[in-house]
Amino acid sequence: MLEPAYQADVVIVGAGVAGLSAAHRLTSQGVTVAVLEAAPCVGGRMSTEKVDGFRLDRIGQLLSTAYPELRLAPGLDGLVLRPFAPGVLLHGDGRHHRVDAPAGARSARGALHAVRALASAPRGMPGPRLVAASRRAASRRATFRVLPGAGQGTVSRAARAAAPLGGAVDQARLGAALTRFSTVPVERLLARPELPAGQSLAARGLPARTIEGFLRPLLAALLCDPALTTSSRCADLALRAFAGGRLCVPEGGAEALPELLAQTLPTGTVHMGVRVTSVSTTSVTTAEHGEIRCRAVLLATDARAAAELLPGLRVPDFHPVTVVHHTTDEPPRTGSALLLDADRGGPVAHTAVISEVDPSRAPSGRALISSTVLGAPPSDLETAVRTHLGRLYGTPTHRWETLAVHHTPEAVPAMPAPHDLRRPVRLLAGLYVCGDHRDTSTIQGALHSAHRAATAILKDLGAAGSMHRADPTPTAQAA
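Residues numbered from 1 in each chain as written. Predicted model: local features only at pLDDT ≥ 70, side-chain atom pairs only at ≥ 80, totals over all residues. Heavy atoms only, no water.

1. Let's talk about the pattern of salt bridges
- Following the criterion strictly, the structure yields 20 salt bridges and no others.
- For aspartate 460, the salt bridge is made with arginine 426, and the minimal N-O distance between the two is 2.7 Å. Taken together, the positions of aspartate 460 in helix α15 (residues 443–461) and arginine 426 in strand β21 (residues 426–428) put the pair 34 residues apart, joining distant regions of the chain.
- Given the relative accessible area of 13%, aspartate 460 is considered buried.
- Accessibility expressed as a relative area gives 39% for arginine 426, which makes it partly exposed.
- Aspartate 439 is the partner of arginine 452 in a salt bridge, and the nearest nitrogen-oxygen pair spans 3.4 Å. Here the residue arginine 452 occupies a position in helix α15, and aspartate 439 occupies one in the loop between β22 (431–433) and α15, the gap between them amounting to 13 residues.
- For arginine 452, a relative accessible area of 18% translates into the label buried.
- One salt-bridge network, in which partners are shared between bridges, spans Lys50, Arg55 and Glu255. (Salt bridge = Lys/Arg side-chain N within 4 Å of Asp/Glu carboxyl O. Helix = DSSP H or I, 4+ residues; strand = E, 2+ residues; numbered from the N terminus. Buried < 20%, exposed > 50% of the residue type's maximum accessible area, 1.4 Å probe, protein only.)

2. Quick look at the packing of aromatic side chains
- Per the stated rule, a full pass over the model turns up two aromatic pairs.
- When the ring of phenylalanine 214 is compared with that of phenylalanine 242, the centres are 6.3 Å apart and the planes differ by 55 degrees; the resulting orientation is tilted. Here phenylalanine 242 lies in helix α10 (residues 232–244) and phenylalanine 214 lies in helix α9 (residues 208–223), a separation of 28 residues in the sequence.
- Residue classification places phenylalanine 242 among the buried positions, given a relative accessible area of 3%. (Phe/Tyr/Trp six-rings, centres within 6.5 Å; stacked < 30°, edge-to-face > 60°.)

3. Comments concerning the pairing of strand β14 (residues 283–286)
- Of the strand pairs in this sheet, strand β13 (residues 276–279) and β14 are connected by three bridges, and their pairing is antiparallel. Pairing of valine 279 across the sheet is with valine 284, part of β14.
- Where β13 folds back on β14, the antiparallel hairpin that results is connected by three residues.
- Both β14 and strand β15 (residues 290–299) contribute to a ladder of four bridges, which runs antiparallel. By the bridge assignment, threonine 286 is partnered in β15 with glycine 290.
- Once β14 ends, the chain turns through three residues before running back antiparallel as β15. (Pairing = 2+ DSSP bridges.)

4. Topic: the nonpolar core
- If you look at the biggest cluster of nonpolar residues, it comprises 46 residues, and the most contacted ones within it are Phe84, Val88 and Phe214.
- Counting only elements with at least two residues in this core, the list comes to β5 (54–57), β8 (88–92), α6 (168–183), α9, α10, β11 (247–250), α13 (354–357) and β20 (401–413).
- If one sorts the elements of this core by residue count, α9 sits on top with eight residues.
- In contact with valine 88, not counting residues within four places along its chain, are His97, Arg98, Val99, Phe214, Leu218, Phe242, Leu247, Leu338 and Leu340.
- Counting residues in hydrophobic clusters, the runner-up holds 44 residues, among them Leu261, Leu265, Cys434 and Ala456. (Core = buried A, V, L, I, M, F, W, Y, C linked by side-chain atoms within 4.5 Å. Contact = heavy atoms within 4.5 Å.)

5. Quick look at the confidence of the model for the protein
- Summarising the model, the protein shows a mean pLDDT of 85, and 82% of its residues fall at 70 or more.
- Here residues 103–162 is modelled with pLDDT under 50, and outside its nearest four sequence neighbours on either side it reaches 130 contacts, counting other chains as well.
- Within the model, pLDDT remains below 50 along residues 469–479, and this stretch shows 13 contacts once partners closer than five positions in the same chain are excluded. (pLDDT = per-residue confidence, 0-100.)

6. Things to note about unusual backbone geometry
- Cis geometry is adopted by the peptide bond preceding proline 418, which originates at alanine 417 and carries an omega value of -5 degrees.
- As for its position among the elements, proline 418 is in the loop between β20 and β21.
- For aspartate 93, which is not glycine, the phi dihedral falls at a positive 55 degrees.
- Inspection of the secondary structure assignment puts aspartate 93 in the loop between β8 and β9 (95–99).
- The phi torsion at arginine 344 lies on the positive side, around 50 degrees, for a residue other than glycine.
- Following the sequence through the fold, arginine 344 ends up in the loop between β17 (339–341) and β18 (348–353).
- We classify arginine 344 as partly exposed; its relative accessible area is 46%.

7. Brief notes about the side chain of serine 47
- With respect to the helices and strands, serine 47 occurs in the loop between β3 (33–37) and β4 (48–51).
- A relative accessible area of 17% places serine 47 in the buried class.

8. Notes on the packing of helix α1 (residues 17–27) against α15
- Running from N to C, α1 and α15 point in directions that differ by 40 degrees, and their axes come no closer than 8 Å. In terms of axis orientation, α1 runs oblique to α15. Classified by chirality, the crossing of α15 by α1 is right-handed. Between α1, through Val17, Ala18, Ser21, Ala22, Arg25 and Leu26, and α15, the contact on the second element is made entirely by Ala446, Leu447, Ser449, Ala450, His451, Ala454, Ile457 and Leu458.
- Here the residues of the contact of α1 with α15 sort into 10 nonpolar, three polar and one charged. (Axes fitted to C-alpha atoms, helices over the stretch in contact; angles between N-to-C directions. Parallel < 35°, antiparallel > 145°, perpendicular 65-115°, else oblique. Left-handed = near helix turned anticlockwise from the far one by under 90°. Nonpolar A, V, L, I, M, F, W, Y, C, P; charged D, E, K, R; others polar.)

9. Some remarks on α9
- Bending of α9 peaks at approximately 35 degrees at the position of leucine 215, with proline proline 217 no more than four residues after it.
- In terms of residue burial, α9 counts as a mostly covered element, since 13 of its 16 residues are buried.
- Trailing α9 by a residue or two, cysteine 224 shows a phi angle of about 55 degrees, which is positive. (Bend = angle between axes of the 7 residues up to and from the residue.)

10. Comments concerning the side chain of threonine 327
- With respect to the element layout, threonine 327 can be found in strand β16 (residues 318–328).
- Residue class for threonine 327 comes out buried when judged on its relative accessible area of 1%.
- Within the local environment of threonine 327, its side chain forms a polar contact with the side chain of arginine 366, the two groups lying 3.4 Å apart.
- Excluding anything up to four places from it in sequence, threonine 327 contacts Phe54, Arg366, Ala367, Trp400, Glu401 and Leu403. (Polar contact = N/O pair within 3.5 Å; in protein donor to acceptor, adjacent residues only side chain to side chain.)

Below is the structure:
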C-alpha cells in the first residue's frame, strides 16, 4: 500500500491557547493536524494549581468580554467567563472609590450625569456566559462612586473632590474620554503616533490627578507593566477593551480556556510529553518519536522556546509577575470588585476576593483572595504583601492563610515602543509562528496571532502546485 511521506498536513509545536486555537481553525477546514506538547498538560502559562479545593492561577492575566477573539475563535462556545463588578475599585486617600466603565454613555452630558457620587457599597454579581455578560456591559453607563473606608462614615463633598479622579467635572471628562475609546475604530488607534504609554497619558487632556490616580494603576494592571514602557498603541487597545466590556476570568481557573480548546479538537490531535528538538518546512524531529513529516510547521510556543528552535527569532524582554493567594473565613467586604491602589503605596498592583468573582475557585465557607505583584518582588514579599493588603481592604490580615506564591520571571512579553502589533506569522512557505509575542501580550493577542497564522497556512496549502520546491515522495510501507 502506498502512503504519503507526510504524517499530518500541519504539525503545531506547543499546546498553549495560540496553538490549540490555530488547530481548531485548521481542522475545521479539513486539514489534518498534530499538536505536540512537551509538558504533561496543555495551557502553557495559563495554568491553575489545585490546593485543598482551591484553584490558584499562576499568572492570572485579566481578560475582557470585549476581546473579539473570545467570540470568534472556534472551540470556545462553551467557555464561561466570570466578570468582576463593573469597572474597578480604587483605594486612595484611605477610601474606596468606585469607577465604572462607560459602556453606553454616548456623550459628555451623559457622562456628567453618570458620575454622580453615591455612598453605596459595590455588589458582586454572578458571572454569566460571555454573550450575556457582553450584552449587560453594553447597557451600562460610566459611574463613579465614593465608598467610605474602614471605620469611616458618610463621605463628604470635599472628600469626593479629593478622590483620585478629581472633582465632578474631571470625572465627566474621564467618562467622556473612555466613551470615545469604546467606540473609536481599532485602525484609528493603530494610526496614532507611538510613544511609551506613560508619556502618552499627558496628551489625553485629563488632569494629572486622574492620570496618576486612575489611568496609571489601571494600565499597569491591564498590561502587567508598572513602568508603563509599553507602546501607547497597545495601551490604547487595552483602554478600548476596558471601556467597551467587562474585566473577567474563566470559570474554574485560567486553565479552563486551553482545556476547553483541547477537549473540543478531534480525538488524537493533541499529543502530550513530546519534545521537539528541531523543525523544518516539511518535518519536525522529536526526542521521543523521531521525525514526523508534514506539509507545514507552526511554532506556537513561548518566545524563548521558539527562538531555541529557530535561532533567528528575536526574544523580547519580559514582565515578571508574582501572584500571592490567601484564604480566610471572613472575606473583605469589597464584593467581586477588582481593587487597585491609586496611591501605589506597596507591592500589590491589584487584588480581588476572587471567590466572589468565581465561586468555583474556593471550597464552601472559605474566601480566596488573589493579589498580583508586578516587577521584581520585594525580599520580604510575604510581610510586605500582607501589610499592603491590610491597608487596601481596611481589615486585619495577620490571620489569613497563605496558600501559594507563584513567581513567573517571564510571565508577559514586553511591548515597548515602537512595537509591531502584527509581527509576521509566515516566515516562509511551510514554516509559521504564532503566540502573544507576535501580536499583543494578551489572550486576545495570542488568539489573534493564531487566527493570522491559520489563515496564512490555509492560503499556502490551497495554492496551486506545491508549497515547497519538491513534494514529499510517496514511499512503500507495509499494509
